[in-house]
Amino acid sequence: MTAMRLHDLEPSTEEFRRAVVRGLSATPRTLPCKFFYDEAGSRLFDRICELPEYYPTRTELRILDERAGAIADLLGPRTRLVEFGSGAGVKIRLLLAALDRPAVYVPVDICRAHLVAAADALAGDFPDLRVAPVCADYTEPFALPATPGIAIGTTAGFFPGSTIGNFMPDEATAFLRRARRLLGPGSAMVIGVDVPKDAAVLEAAYDDAAGVTAEFNRNLLRRMVRELGAEVDIDGFRHEARWNRALSRIEMHLVSRRAQTIRIGEQVFAMAAGETIHTENSCKYGVDQFRSMAGRAGYLPVTAWTDADGLFSVHVLRAP
Ligand SMILES: C[S@@+](CC[C@H](N)C(=O)[O-])C[C@H]1O[C@@H](n2cnc3c(N)ncnc32)[C@H](O)[C@@H]1O
């Protein structure tokens, strides 16, 4: 257990139950992707990051590695870093190593167990850094932990992994606007954004040969069984990743292999053969398209980098 003070706003089982019932009652049926990330789901996501097909992690790491010095120059000394969806906390290490005496690190994640383990490991490796984890759903309001007695320079958000793509474009703009207000005037935002590309590359990244992403998707059903006592035939659903070119997004679905029911307490959901539960969107944005979105959220674009193959982008934004 960590000696750090954890600010704990982890969504309750009741919130999960309400979201599942709402999503399965909708037409077409959906489940919110933020609930992928219980302990098992977080571990599966970490395995996805290592897969040969999953270019986003290694490409973003490469860009961050090359540009960490430039980011450190833009942010200056004694930065307070707030990471949204911090997960295993791998990418932040590149920034922390490059920054001039970083002061505070606030990892924010919906999965308490994964957050605490990652924050603990990081605090051990950066003993001069104040680590103040917040377990929260970042789509809901939360406050930054007070860190009295610590001199702070720039406050910077860090939102890697193209997790911004899990929002629909209007939700993404609203998220950026809220983040800008949370971080305050003069703050920065360093954000990783995946870009549109060949459908085959995209679909392979979200439907790997080893079947890890399929397991990640089906873990949502397993979590319903574990936490809600749901009655569902997990093998009765297959994973599907589709590139929706018109909406520039990868969609993940759980496709019912046959007519069947899902039961949660008194609620019964009858699924037809071939009917799907839409579990995730990963929207992709060109560099200029994302800059315009950031502008609509009140941010000024400072710079953006892509890798040599143009697979992924990292943007630095500034709040006026
Ligand atoms: C796509 S993973 C990215 C992880 C890591 N940042 C990376 O770049 O590899 C999304 C992360 O955001 C967290 N997450 C997803 N939705 C969230 C939400 N609504 N509030 C807080 N954390 C969330 C997940 O637990 C997970 O760690």
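Here's what I pulled together on the structure shown here. (Residues numbered from 1 in each chain as written. Predicted model: local features only at pLDDT ≥ 70, side-chain atom pairs only at ≥ 80, totals over all residues. Heavy atoms only, no water.)

A closer look at helix H6 (residues 169–183)
For H6, built from 15 residues, the straight-helix expectation of 21 Å at 1.5 Å per residue is met to within 8% by its first-to-last C-alpha distance of 21 Å. Residues of H6 that are buried include every one of Ala172, Thr173, Phe175, Leu176, Ala179 and Leu183, and no others. Down the axis, H6 shows its buried residues gathered within 160° of arc, on one side only. Of the exposed residues in H6, those oriented more than 90 degrees away from the buried face are Asp170 and Arg181. Packing partners of the buried residues in H6 comprise strand E3 (80–84), strand E7 (155–159), strand E8 (188–194) and helix H9 (287–296). (Helix = DSSP H or I, 4+ residues; strand = E, 2+ residues; numbered from the N terminus. Expected span 1.5 Å × (residues − 1). Buried < 20%, exposed > 50% of the residue type's maximum accessible area, 1.4 Å probe, protein only. Arc of directions from axis to C-beta. Contact = heavy atoms within 4.5 Å.)

Comments concerning the packing of helix H1 (residues 13–25) against helix H8 (residues 212–228)
Viewed as axis vectors pointing N to C, H1 and H8 meet at an angle of 130°, and their least axial separation amounts to 11 Å. Relative to H8, the element H1 lies oblique. The interaxial crossing formed by H1 with H8 has left-handed handedness. Packed against H1, whose contacting residues are Thr13, Phe16, Arg17, Val20 and Leu24, the element H8 presents Arg223, Met224, Glu227 and Leu228 at the interface. Of the residues assigned to the contact of H1 with H8, the class counts are 5 nonpolar, 1 polar and 3 charged. (Axes fitted to C-alpha atoms, helices over the stretch in contact; angles between N-to-C directions. Parallel < 35°, antiparallel > 145°, perpendicular 65-115°, else oblique. Left-handed = near helix turned anticlockwise from the far one by under 90°. Nonpolar A, V, L, I, M, F, W, Y, C, P; charged D, E, K, R; others polar.)

So, the environment of Leu176
Position of Leu176 among the secondary structure elements: in helix H6. The spatial distance from the C-alpha of Leu176 to the C-alpha of Arg296 is 9.1 Å, given a sequence separation of 120 residues. Excluding residues within four positions of it along the chain, Leu176 makes contact with Ile164, Ile191, Phe290, Met293, Ala294, Ala297 and Tyr299.

Regarding the pattern of salt bridges
Here the structure, examined in full by the defined rule, presents 21 salt bridges. With a closest N to O distance of 3.1 Å, Arg222 and Glu215 form a salt bridge. Overall, Glu215 belongs to the partly exposed group, its relative accessible area being 25%. Notably, a salt bridge pairs Asp233 with Arg258, separated by 2.4 Å at the nearest N-O pair. On the criterion of sequence distance, the pair formed by Asp233 in the loop between H8 and strand E9 (237–244) and Arg258 in the loop between strand E10 (249–256) and strand E11 (260–264) is long-range, its members being 25 residues apart. On the accessibility criterion, Arg258 (38% relative accessible area) is partly exposed. Each member of the salt-bridge network shares a partner with another, and the members are Asp8, Glu10 and Arg112. (Salt bridge = Lys/Arg side-chain N within 4 Å of Asp/Glu carboxyl O.)

A look at the pairing of strand E12 (residues 267–271)
Residues in a regular strand project their side chains so that they alternate between the two faces of the sheet. As judged from the 5 bridges shared by E11 and E12, these two strands associate in the antiparallel manner. Bridge pairing in E12 places Gln260 opposite Met271. Linking two consecutive strands that pair antiparallel, namely E11 and E12, is a turn of 2 residues; a positive phi of about 60° is found at Gly265 within it. (Pairing = 2+ DSSP bridges.)

Side note on the environment of Glu140
Mapped onto the elements, Glu140 comes out in the loop between strand E6 (134–135) and E7. Looking at Glu140, the relative accessible area reads 45%, which means it is partly exposed.

Details of the sheet that holds E9
The 4 strands lie next to each other as E2-E13-E10-E9, forming an open sheet whose pairing is mixed. Strands with a single pairing partner mark the edges of an open sheet, and in this sheet they are strand E2 (29–30) and E9. Inspection of the sheet shows E9 paired to E10 by 8 bridges, in the antiparallel sense. Across the sheet, Ala241 pairs through a bridge with Met252, a residue of E10.

Notes on the site of the ligand
Near the ligand you find 15 residues, and of these Gly85, Lys91, Asp109, Asp137 and Tyr138 are the closest. Between Asp109 and the ligand, the recorded distance is 2.6 Å, taken from a side-chain N or O atom to an oxygen atom. Separating a nitrogen atom of the ligand from a backbone N or O atom of Ile110 is a distance of 3.1 Å. Burial of the ligand by the surrounding chains reaches 93%, relative to a free accessible area of 590 Å². Along the lines of polarity and charge, the residues of the shell around the ligand split into 6 nonpolar, 4 polar and 5 charged. (Near = heavy atom within 4 Å. Polar contact = N/O pair within 3.5 Å; in protein donor to acceptor, adjacent residues only side chain to side chain. Areas by Shrake-Rupley, 256 points an atom, 1.4 Å probe, with all protein chains shown as cover.)

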